[in-house]
Each structure stands twice: as C-alpha cells, then as structure tokens.
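# Structural overview
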Amino acid sequence: MSKRCPECHAVNEDSRVFCSSCGSPLDAELRLIQDLEKQKATLSKPKPAPTVKHDDDDDYIPPKTVNEPKSAMPWILLGLLVAVAAVAYFMLK
C-alpha cells in the first residue's frame, strides 16, 4: 500500500513521513501540528501600525461651527453715540 500526498497527489512509499515530490507532511497529525504552529506564529506577530497619509495640500476646509446668537449691545451703543453726536451737532449750531 502507498501513501498519496494531500498537496501534490504524488504517490509515496509507506515508510515516508514527508512527500518525495513537494516535501509536505504525509501524516495528518503532523500537518495539523504544523498548521497550529503557523497560526500561533502569525498571531504572536504584532500588527504594524496603520500609516497615516499626511496631505500637505491647501485644500483643507475647516469644519462648520454652530453660530451663536450675537449680542445687540454694540449696535445699541453705536446708535446712542450717533444720537448724542446728532444732538450735540444741532445744539452747537
């Protein structure tokens, strides 16, 4: 009886542990162990930090802010100043 490789489907002798064509393990338990070791190695590697693209173009548009109601006090003071100036102008004339 012979062993068939699960990767390349080549026929191998019963005494072989690894495929004579591609080198992959012929034993299902050995393949499982190697797969678990590969998964463990990829999980233990830290993921690289995402790169931030800095755009130095002049196309920045600041976010819109909510306009707060403006005070009427400056307009009232300006009106009173104009009224005082008008009264003083006509009184001195």
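Structural data are supplied above this passage.
Attention in this report is confined to the structure presented alongside it. Predicted model only: the values in this text are computed from it and were never measured.

Turning our attention to the overall build of the protein chain. A count of helices and strands for the protein chain gives 2 helices and 2 strands. For the protein chain, the sequential pattern of α-helices and β-strands runs β-β-α-α. For 93 residues, the compact-globule formula gives about 12 Å, and the C-alpha radius of gyration of the protein chain, at 42 Å, lies well above that figure. Principal-axis analysis of the C-alpha atoms gives the protein chain an extent of 130 × 25 × 20 Å.

This next bit is on helix H2 (residues 73-92). Between the first and last C-alpha of H2 there are 28 Å, a value that for 20 residues agrees with the 28 Å anticipated at 1.5 Å per step. Burial analysis of H2 places just 0 of its 20 residues in the buried class, a small minority of the element.

What follows concerns the environment of Ser44. Topologically, Ser44 is positioned in helix H1 (residues 28-44). The exposed category is assigned to Ser44, whose relative accessible area is 57%. In this structure the C-alpha to C-alpha distance between Ser44 and Ala28, which are 16 residues apart in sequence, comes to 24 Å.

Right, let's get into unusual backbone geometry. Although it is not a glycine, His9 adopts a positive phi angle of roughly 65 degrees. Relative to the helices and strands, His9 resides in the loop between strand E1 (3-4) and strand E2 (11-12).

The geometry of an aromatic ring pair comes down to the distance between the two centres and the angle between the two planes. A complete count under the given rule lists 1 aromatic pair for this structure. Ring centres of Tyr89 and Phe90 lie 5.4 Å apart, and the angle between their planes is 70 degrees; on these two criteria the pair is classed as edge-to-face.

The next point concerns the state of the cysteines. For the structure shown, the criterion picks out 0 disulfides. Free of any disulfide, Cys5 has its nearest neighbouring cysteine sulfur in Cys22, separated by 3.5 Å. Look at Cys5 and you get buried, because its relative accessible area is 1%.

What counts, and where the lines are drawn
- Residues numbered from 1 in each chain as written.
- Predicted model: local features only at pLDDT ≥ 70, side-chain atom pairs only at ≥ 80, totals over all residues.
- Heavy atoms only, no water.
- Helix = DSSP H or I, 4+ residues; strand = E, 2+ residues; numbered from the N terminus.
- Rg over C-alpha atoms; globule rule 2.2 N^0.38 Å.
- Expected span 1.5 Å × (residues − 1).
- Buried < 20%, exposed > 50% of the residue type's maximum accessible area, 1.4 Å probe, protein only.
- Phe/Tyr/Trp six-rings, centres within 6.5 Å; stacked < 30°, edge-to-face > 60°.
- Disulfide = S-S within 2.5 Å.

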